[in-house]
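# Chains, contacts and geometry: an overview
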Amino acid sequence: MTEVERSPGRLIVITGAQAAGRATVGYAVAARLPRAVHVDGDVVSAMVVSGGVPITLPAPPAAVEQLFLRWLASIAVAETYQQAGFDAVVTDTDIGDFLEDFLDFVSPAPLHLVMLDPPADEGAGRAAQWLDTSGQSLEETVNDILDRLPETAVETRA
């Protein structure tokens, strides 16, 4: 098999509260890009067959460790496809207090970070939001994300 020279793809992380539609939006964003994959953190988490520890508040250390493993695995899959020239859209739970940790896992690489903000009756416990999705159709949300993608660039530490 011959290797084709391609520029690495972008990393787009879509996060938000439960019921924000992260996976649906992430899949739709990836579908609109010419060469893209969707890495769903919930699917990665479901790979744990036994011994899984759910996140509760306050989060027990084992749950935080498994959350970090989930993120590391998602990023590893995304980076594999990025190196082949795919844009990688990763969707996962509200990163919240662990944002700096998440950025360290991606480091050193740029990423686009999108926080979905559903209306109050569709999700609770949100941290900082970027995109208010209330009243938007899926197509409007995807258009908004893609139109505003340059605004979402985050540089990680080297």
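So, here is what we can say about the structure in this document. This is a predicted model, so every value here is computed, not measured. (Residues numbered from 1 in each chain as written. Predicted model: local features only at pLDDT ≥ 70, side-chain atom pairs only at ≥ 80, totals over all residues. Heavy atoms only, no water.)

## Regarding helix H3 (residues 61-83)
Taking 1.5 Å per residue, 23 residues should reach 33 Å; H3 reaches 33 Å between its end C-alpha atoms and fits that length. Contacts made by the buried residues of H3 are with strand S1 (11-16), strand S2 (36-40), helix H2 (41-45), strand S3 (87-93) and helix H4 (99-106). Count one or two residues on from H3 and you reach Gly85, which has phi positive near 95 degrees. (Helix = DSSP H or I, 4+ residues; strand = E, 2+ residues; numbered from the N terminus. Expected span 1.5 Å × (residues − 1). Contact = heavy atoms within 4.5 Å.)

## Things to note about unusual backbone geometry
Residue Pro58 follows Leu57 across a cis peptide bond; omega there is -5 degrees. Tracing the backbone shows Pro58 in the loop between H2 and H3.

## Digging into the pattern of salt bridges
For the structure shown, the criterion picks out six salt bridges. Here Asp87 and Arg10 are joined by a salt bridge, their closest N and O atoms 2.8 Å apart. Of the two residues, Asp87 is situated in strand S3 and Arg10 in the segment before S1; the sequence distance between them amounts to 77 residues. A relative accessible area of 34% places Arg10 in the partly exposed class. Salt-bridge contacts for Asp42 lead to Arg70; the nearest nitrogen and oxygen are separated by 2.6 Å. In this pair, Asp42 is assigned in helix H2 and Arg70 in helix H3, connecting sequence segments 28 residues apart. One network of salt bridges, in which partners are shared, links Arg22, Asp42, Arg70 and Asp92. (Salt bridge = Lys/Arg side-chain N within 4 Å of Asp/Glu carboxyl O. Buried < 20%, exposed > 50% of the residue type's maximum accessible area, 1.4 Å probe, protein only.)

## What to know about H4
Inspection of H4 places Phe102, Leu103 and Val106 among the buried residues, and these make up the whole buried set. Projected down its long axis, H4 shows its buried positions confined to an angular sector of 100 degrees, all on one face. Tucked into the core, H4 has its buried residues touching S1, H3, strand S4 (111-117) and strand S6 (153-154). (Arc of directions from axis to C-beta.)

## Structural notes on the packing of H3 against H4
Geometry of a packed helix pair, given as the angle between the helix axes and the separation of the axes. Contact pair H3 / H4: the axes reach a minimum separation of 10 Å and the direction vectors enclose 35 degrees. In the crossing of H3 with H4, the sense of the turn from one axis to the other is right-handed. Contact residues: Phe68, Trp71, Leu72, Ile75 and Glu79 in H3; Asp101, Phe102, Phe105 and Val106 in H4. Among the residues forming the contact of H3 with H4, the class breakdown is seven nonpolar, no polar and two charged. (Axes fitted to C-alpha atoms, helices over the stretch in contact; angles between N-to-C directions. Left-handed = near helix turned anticlockwise from the far one by under 90°. Nonpolar A, V, L, I, M, F, W, Y, C, P; charged D, E, K, R; others polar.)

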